[in-house]
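Structural characterization, general
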Amino acid sequence: MSASAVFILDVKGKPLISRNYKGDVAMSEIDHFMPLLMQREEEGALAPLLSHGRVHFLWIKHSNLYLVATTLKNANASMVYSFLYKTVEVFCEYFKELEEESIRDNFVIVYELLDELMDFGFPQTTDSKILQEYITQQGNKLETGKSRVPPTVTNAVSWRSEGIKYKKNEVFIDVIESVNLLVNANGSVLLSEIVGTIKLKVFLSGMPELRLGLNDRVLFELTGLSGSKNKSVELEDVKFHQCVRLSRFDNDRTISFIPPDGDFELMSYRLSTQVKPLIWIESVIEKFSHSRVEIMVKAKGQFKKQSVANGVEISVPVPSDADSPRFKTSVGSAKYVPEKNVVIWSIKSFPGGKEYLMRAHFGLPSVEKEEVDGRPPIGVKFEIPYFTVSGIQVRYMKIIEKSGYQALPWVRYITQSGDYQLRTS
């Protein structure tokens, strides 16, 4: 059920640093990893788990590094992969960028972290905020005799320190939804989903107990609140931070927790519902005598009139041999990005219900060149504050602490583009 050893390799497969946790797998086994990886890649059968004899390699790639865990047994693969990704997250917290150079420059700290992150092949303390209490960037300068394990490591609540005090007790709640959308050339929606996260920024004294209430459909049905007046949302694939009491949620759908201090992601969810495209794009391309091309793009905001999309960027693909660009826009500005073969139409503020036009003129020097692979889709980026496409709402946030202080919860809703593409004919 556990990992025997963890290796960090460079892009050529040479071990930069490793930690042997159990001693049941020879460290030389890692020499077989890169040849095996290259062989599978050539065969087109690359997999996240590779085996050599009785040894299994569970690996991920980040930047120019490979993180590899080895095991002899039938390990819990999900746990091992979660650990590897969490290790990347912790290293990024410490070194900002995780790459070969940051590993070479911080060998001592990396060894200390690998010691604390896992023990005998089982994940231990993986919260970077807690680790930073006793593994500092000047780790090798700690005075002897003063090192001690912080109480958070041995607490029942390992993610929060005791004795935290603030003059003003506040909680900031961000409900952020990303819309993934793919529309084909006929205007039919091929893919439509909402991926949501609820992020908290906590400035609370002591050990507060928080209870978050959402307009969750299952909760409404349990409590008899479901009806036409109460709009509810059916959440799928819900994932929680470790602080949430899962047994309580399973019993009565109450999201109850003692939060970490500062920023953290409380939960994520997904809704695979048919979403009306928030920004609809139509484009017409005309070629004139094989020497120039004109592209007309119409963008329409299909969300509430009182809402405004900010930072809208519409990426329109153009022929790779186009030159001499000229633009005319009813709002915003357009610029040609030749290295990506796109025109980016930027609109700072796009109110709901509005329509805007952009015309682009290009010269085509290579007369007979045809686009072989078809035209790439139009991509759209945007952010709509004070709005959620799913209709999810924070109904309440109760903050209970034994000292009885009053705390203010602040809620902000944001809808943004995820992988948002519209194909053109």
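Just above sits the structure.
Our subject in this report is the structure included herewith. (Residues numbered from 1 in each chain as written. Predicted model: local features only at pLDDT ≥ 70, side-chain atom pairs only at ≥ 80, totals over all residues. Heavy atoms only, no water.)

If you walk across this open sheet you meet the four strands as β14-β15-β20-β17, and the pairing is antiparallel. Only two strands of the sheet have a single neighbouring strand rather than two, namely β14 (279–288) and β17 (323–329). Averaged over all adjacent pairs, the angle separating strand axes in this sheet is 15°, with direction ignored. As paired elements, strand β15 (residues 292–301) and strand β20 (residues 355–363) share nine bridges and run antiparallel to each other. Residue pairing for β20: K300 is matched across the bridge by E355. (Pairing = 2+ DSSP bridges. Helix = DSSP H or I, 4+ residues; strand = E, 2+ residues; numbered from the N terminus. Axes fitted to C-alpha atoms, helices over the stretch in contact; angles between N-to-C directions.)

This brings us to the pairing of strand β18 (residues 333–337). In terms of strand pairing, β18 meets strand β19 (residues 342–351) through five bridges, oriented antiparallel. What sits directly across from Y336, in β19, is V343. Joining the antiparallel neighbours β18 and β19 is a turn of four residues, in which N341 adopts a positive phi near 55°.

On to the side chain of N180, then. Looking at where N180 falls in the secondary structure, it is placed in strand β8 (residues 170–183). Since its relative accessible area comes to 15%, N180 is described here as buried. Polar contacts involving the side chain of N180 include one to the main-chain amide nitrogen of D419, which spans 2.8 Å. (Buried < 20%, exposed > 50% of the residue type's maximum accessible area, 1.4 Å probe, protein only. Polar contact = N/O pair within 3.5 Å; in protein donor to acceptor, adjacent residues only side chain to side chain.)

A separate point is the pattern of salt bridges. In this structure the tally under the stated criterion is 15 salt bridges. The salt bridge partner of E209 is R245, with a shortest N-O separation of 2.6 Å. Of the two residues, E209 is situated in strand β10 (residues 209–214) and R245 in the loop between β11 (236–240) and α8 (246–252); the sequence distance between them amounts to 36 residues. Overall, the relative accessible area of 17% leaves E209 in the buried class. Connected through salt bridges with shared partners, the residues E193, E236, D237 and R270 form a single ionic network. (Salt bridge = Lys/Arg side-chain N within 4 Å of Asp/Glu carboxyl O.)

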